[in-house]
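The residues making up each chain are set out below.
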Amino acid sequence: MLSRRRLLQAGAGAVPAIALGAAPAWAGSAEPPTTGVVPASMAGFDKALKAYIKERDISCAQLAVARKGKILLARGYGSYTRPDGSTAKVQPTSLFRIASLSKSLTAAAIVRLAQDGKLSLGDKVADLLDLPTEADPRLAKVTLRRLLQHTGGWDRGVTTDPLWNDTTIAASLDVPLPIDHADITKYTTAKKLDFAPGSKYVYSNYGYMLAGRVIARVSGLPYETYVRQKLLAPVEIERMRLGRSLRSEAFSTEVPYESKYSRKSVVDPSGKTVPYPYGGFSMPNQDANGGWLASAVDLVKWGFVFDGAGPVLNSTSISRVFARPELGENPGGDWYGLGWRVRENNAGGLNTWHNGSMPGTFSFFARVQHGVSYCVIFNRREEEGSPDFDGIDPILGKAIGTVKTWPTTDLTPKYF
C-alpha cells in the first residue's frame, strides 16, 4: 500500500506521461454507464459513488455492500476499451488490481498454516527461509507475527521500499532486470535493519513479501496455489488470482489501469519509458503484499470468512488475526492486526478495514458494526493535483445512514 504521502517517494524516477485515460469516455455524460444491482433502499450508496468517481475522472469502478453474510448491492461503473478495440462496460465481476488488500490473504494463509500445525506465529523468519543474519543479528528476532504486524525492523522512510526499488537492486547485485524475490531478499538481508524488531510499527511491503515466501516454503506449493486452494476454493471464490505486469498480459475480464505518470520499465532491461501501471513496477514481485486481482463482490465474500468459524479459519485463528500487537494500540485507538487495521466499535465488536494503492489502483474494504461491509475498487489512484481519495470511507459510512430498511434478497448466488 502506498499512501498519498508516499506517492512521490514510491514514484522516484516517474515522470508525467502522455495523457493516459485523462478523462473517462463518458465524462461528458450526466452519469457513468452502470451494471449490476442496487436496491432502491440503498440508492444513497450509488448516488455517493457516482459523484465521487465523476469528481475524480475515474473511468472504471466497482462497489459491493453486504450485511450479515448477504451481498445486497453489486455494481460496476464506467466502460473501457479492450486491447482488441472493442468497448466493454465494467461488470460487478470485472477484475481489478487490489494492491494492499492482498495482505489479508497472505496473513490468513500464515494463520491457516499455524491452524494446521505447519508452523507457529512465533517462528523465526530467518530460520524458516535460511536467511543469513551476519549483516544484522537482530534479524534473528523477526518472527512471523512481527512480519504480519509490521514490526519487523524495516522502515521504507529510511531505506526506501525494496518492492519499488528494482533498478537500484539490479545495479547493486549486478544482475539484469527484471529482478525477482530472491534478488530483493538478498539485497535487503545484506543491510542492517532500520530498528529493533518489535520496538515500533512501520508499514512494510517487504515483510509481507517474505511471508509469501514462507507460505510457499512451508506448504510446498506456490504461494498463489496455496491461497486459492486453502483459502478461496473452500468458500467458492474462483475469480481471484495474481495479476501480471503488462496490458498485453491482462486477463479477459480485467480493466485497464490509468496514471498520468510514466517510468522506465523494470520488467525488462530495455530502459524504455512505459506507462507507470504497465511495467513501471513488477506485479509478480508484488504478489503477497499487493499482487492480487479481484472484484468487489469477491472481496466482501472473502470478508465473510472472518465473521465466524468456517471451512477456512476456526475461531482461534480469527481471534489471532484481530489481536492487538505487542505494542498495543496506536494513539488513535486502532491497531494493525494480521493483514487488517482494527478498532473497537460502539456496538461492542470490531471494525476492520484496509486500503490498497499503487499506480493505477485504489481500493478500500471495511467491515463495520451491525454486520455491514463495503468494498470499492478504482482503476486510478490519487496523484498530484487530483482530489483526495481517502475520503471514500466516511462517504460510504454516511451512506449506511441513508438505508431505512435493509433488503433481504441475497445476491451471492448471482455472482458465485
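Residues numbered from 1 in each chain as written. Predicted model: local features only at pLDDT ≥ 70, side-chain atom pairs only at ≥ 80, totals over all residues. Heavy atoms only, no water.

1. Notes on the overall build of the protein chain
Per the secondary structure count, the protein chain includes 15 helices and 15 strands. Scaling as 2.2 N^0.38, a compact globule of 416 residues should have a C-alpha radius of gyration of about 22 Å, and the protein chain matches this with 21 Å. Taking the principal axes of its C-alpha atoms as reference, the protein chain extends roughly 60 × 50 × 40 Å. Long-range pairs, those at least 24 residues apart, make up 69% of the contacts in the protein chain with a sequence separation of at least 6. Element-wise, carbon and sulfur atoms account for 51% of the exposed surface of the protein chain, whose accessible area totals about 16,400 Å². Across the protein chain, the mean location of the 50 positive side-chain charges is 4 Å away from that of the 39 negative side-chain charges. (Helix = DSSP H or I, 4+ residues; strand = E, 2+ residues; numbered from the N terminus. Rg over C-alpha atoms; globule rule 2.2 N^0.38 Å. Contact = heavy atoms within 4.5 Å. Areas by Shrake-Rupley, 256 points an atom, 1.4 Å probe, with all protein chains shown as cover. Lys, Arg positive; Asp, Glu negative; His and termini not counted. Charge placed at Lys NZ, Arg CZ, Asp CG, Glu CD.)

2. Some thoughts on the side chain of Ser295
Tracing the sequence through the fold places Ser295 in the loop between β10 (292-294) and α12 (296-304). Not counting chain neighbours up to four residues away, the residues in contact with Ser295 comprise Gln62, Pro92, Thr93, Ser94, Leu95, Arg239 and Ile377.

3. Some words on the packing of aromatic side chains
For the structure on display, the rule yields 19 aromatic pairs. On the numbers, 6.2 Å between centres and 85° between planes, the contact of Phe378 with Phe389 is edge-to-face. A residue pair is termed long-range when its members are at least 10 positions apart, and Phe378 in strand β15 (residues 372-378) and Phe389 in the loop between β15 and α14 (392-400) qualify at 11 residues. In this pair, the class of Phe378 matches that of Phe389, namely buried. (Phe/Tyr/Trp six-rings, centres within 6.5 Å; stacked < 30°, edge-to-face > 60°. Buried < 20%, exposed > 50% of the residue type's maximum accessible area, 1.4 Å probe, protein only.)

4. Looking at the packing of helix α2 (residues 43-55) against α14
Two elements in contact, α2 and α14, have axes separated by 8 Å at closest approach and are oriented at 155°. Classified by the angle their axes make, α2 and α14 are roughly antiparallel. Judged by the sense of rotation from one axis to the other, the crossing of α2 with α14 is right-handed. Residues Gly44, Phe45, Ala48, Leu49 and Tyr52 of α2 lie in contact with α14, whose contacting residues are Ile392, Ile395, Leu396, Ala399 and Ile400. Residue classes in the contact of α2 with α14 are distributed as nine nonpolar, one polar and no charged. (Axes fitted to C-alpha atoms, helices over the stretch in contact; angles between N-to-C directions. Parallel < 35°, antiparallel > 145°, perpendicular 65-115°, else oblique. Left-handed = near helix turned anticlockwise from the far one by under 90°. Nonpolar A, V, L, I, M, F, W, Y, C, P; charged D, E, K, R; others polar.)

5. Quick word on the sheet that holds β10
Taken together, three strands build an open sheet; the order of strands is β6-β10-β7 and the sheet is antiparallel. Of all the strands in the sheet, just β6 (96-97) and β7 (241-242) have a single pairing partner and so form its edges. Where β7 lies against β10, two bridges are found, and the strand directions are antiparallel. Bridge pairing in β10 places Leu242 opposite Trp292. (Pairing = 2+ DSSP bridges.)

6. Thoughts on the confidence of the model for the protein chain
Residues with a pLDDT of 70 or more make up 93% of the protein chain, whose mean pLDDT is 93. Here residues 1-21 is a poorly scored stretch, pLDDT under 50, and it has 56 contacts once near neighbours within four places are set aside; other chains count. (pLDDT = per-residue confidence, 0-100.)

7. A word on the nonpolar core
Ile110, Trp292, Leu299, Trp302 and Phe306 are the most contacted members of the largest nonpolar core, which totals 97 residues. With eight residues, helix α3 (residues 103-115) is the largest single contributor of residues to this core. Membership of the second largest hydrophobic core comes to 26 residues, among which are Ile53, Ala366, Val372 and Tyr374. (Core = buried A, V, L, I, M, F, W, Y, C linked by side-chain atoms within 4.5 Å.)

8. Some details on the pairing of strand β14 (residues 361-367)
Here β14 lies mainly inside the structure; seven of its seven residues are buried. Sheet analysis places strand β13 (residues 350-358) next to β14, joined by seven bridges and oriented antiparallel. By the bridge assignment, Asn355 is partnered in β14 with Phe364. Linking β13 to β14, which pair antiparallel, is a turn of two residues; within it Gly360 sits at a positive phi near 95°. The antiparallel hairpin formed by β14 and β15 contains four residues in its connecting segment, where His370 sits at a positive phi of about 65°.

9. Notes on the pattern of salt bridges
Within this structure, the stated rule accounts for 16 salt bridges. Salt-bridge contacts for Arg112 lead to Asp116; the nearest nitrogen and oxygen are separated by 2.9 Å. Taking the relative accessible area as the measure of exposure, Arg112 reaches 12% and is therefore buried. Across the salt bridge formed by Glu344 and Arg324, the nearest N and O atoms sit 3.1 Å from each other. Here Arg324 lies in the loop between α13 (315-322) and β11 (335-336) and Glu344 lies in strand β12 (residues 341-344), a separation of 20 residues in the sequence. Note on Arg324: relative accessible area 39%, which makes it partly exposed. (Salt bridge = Lys/Arg side-chain N within 4 Å of Asp/Glu carboxyl O.)

10. A few points about α12
Judged by how many residues are buried, α12 sits mostly within the fold: nine of nine residues are covered. Residues of α12 that are buried: Ala296, Val297, Asp298, Leu299, Val300, Lys301, Trp302, Gly303 and Phe304.

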